[in-house]
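Survey of secondary and tertiary structure
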Amino acid sequence: MAKIFYELRQNKNNKSQVFGKWFAHSKSIETLNTRKLAKHISEHGSVYTQDVVFGVLEKFRSCLVEMLLESKRVKIDGLGTFFTTLENEPGGAPKKEEFNVGKNLKALHIRFMPEQEMNISSREFLKKAEFVNAESLLSGDGEKTTNGGGSSQGGNTGGNTGGNTGGNTGGGGYDDGPNGD
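What counts, and at which threshold
Residues numbered from 1 in each chain as written. Predicted model: local features only at pLDDT ≥ 70, side-chain atom pairs only at ≥ 80, totals over all residues. Heavy atoms only, no water. Pairing = 2+ DSSP bridges. Helix = DSSP H or I, 4+ residues; strand = E, 2+ residues; numbered from the N terminus. Axes fitted to C-alpha atoms, helices over the stretch in contact; angles between N-to-C directions. Contact = heavy atoms within 4.5 Å. Buried < 20%, exposed > 50% of the residue type's maximum accessible area, 1.4 Å probe, protein only. Polar contact = N/O pair within 3.5 Å; in protein donor to acceptor, adjacent residues only side chain to side chain. Expected span 1.5 Å × (residues − 1). 1 Å grid on protein atoms, 1.4 Å probe; cavity = no way out; pocket = protein on both sides within 12 Å on 5 of 7 lines; lining within 4 Å. Points joined across faces, edges and corners; volume = space filled by probe spheres on them. Nonpolar A, V, L, I, M, F, W, Y, C, P; charged D, E, K, R; others polar. Salt bridge = Lys/Arg side-chain N within 4 Å of Asp/Glu carboxyl O.

It is worth spelling out the sheet that holds strand E4 (residues 80-88) at this point. Sheets are built from strands paired through backbone hydrogen bonds, the pairs being either parallel or antiparallel. If you walk across this open sheet you meet the three strands as E3-E4-E5, and the pairing is antiparallel. With partners counted over all chains shown, the strands left at the sheet margins are strand E3 (74-76) and strand E5 (105-114), one partner each. On average, each strand axis in the sheet is tilted by 25° relative to the strand beside it, whichever way the strands run. Of the strand pairs in this sheet, E3 and E4 are connected by three bridges, and their pairing is antiparallel. Considered in E4, the bridge of Val74 is made with Phe82. Against the sheet, helix H2 (residues 50-68) engages E3, E4 and E5, with an angle of about 50° to E4.

Here we take up the side chain of Ser16. Looking at where Ser16 falls in the secondary structure, it is placed in the loop between strand E1 (3-10) and strand E2 (22-26). Overall, the relative accessible area of 17% leaves Ser16 in the buried class. A polar contact is formed between the side chain of Ser16 and the backbone nitrogen of Val18, at a distance of 3.1 Å.

Because side chains alternate across strand E6 (residues 130-133), one face comprises the buried residues Glu130 and Val132, and the other comprises Phe131 and Asn133, equally buried. Bridge count between E1 and E6: four bridges; the pairing is parallel. Each bridged residue has a counterpart across the sheet, and for Phe5 the counterpart in E6 is Val132.

Our next topic: H2. Between its first and last C-alpha, H2 extends 27 Å over 19 residues, near the 27 Å set by a 1.5 Å rise per residue. Packing partners of the buried residues in H2 comprise helix H1 (34-42), E3, E4 and E5.

Taken as a whole, the second largest pocket holds about 360 Å³ of empty space. Taken together, Leu32, Asn33, Thr34, Leu37, Leu57, Phe60, Arg61, Leu64, Val65, Leu79, Phe82 and Phe112 form the lining of the second largest pocket. Only H1 and H2 provide two or more residues apiece to the lining of the second largest pocket. Take the lining of the second largest pocket: its biggest share by element is five residues, from H2. Along the lines of polarity and charge, the residues of the lining of the second largest pocket split into nine nonpolar, two polar and one charged.

Scanning all chains against the criterion turns up eight salt bridges. Residues Lys39 and Glu43 are paired through a salt bridge, measuring 3.0 Å at the closest nitrogen-oxygen approach. Linking Lys72 and Glu70 is a salt bridge whose minimum nitrogen-to-oxygen distance equals 3.5 Å. Glu70 sits in the partly exposed class, given a relative accessible area of 42%.

Given below as structure tokens:
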């Protein structure tokens, strides 16, 4: 079974309602670049070589960005939809006529919404995963796992403590990004 690694971190924001509480944060063990992903795909009984898969993935990447920059959503059937959102500077413009893109917009973000049929955005995905506290592997205690749904073994706190919906609310619930940092 595939394993989701996590580490526990304490909320040290003394202005937070959950100051001092502990939350699980995902811990990536590797980042697959396009070339490594192409190799992995080609090794799964594909009739396409690694170079062909790599070419398709590279074309997908450049076309995805192109379509997003044309205000289009890109839906990959069976996976989900990529789209953009705008982040405004705090406070906004006092009047509609005074709104200025250069002054009032802070960022343009690429977002991804998983398809519900895959159960990758629901509690079902959580139930399918097996969780391993990365710290227990480093300390030599062996693998202490938590199975989905929040049950724990070996004193580890698992489940979805802190949540991962709606961003970093309550001081927990965000993942480490693509590099696990």
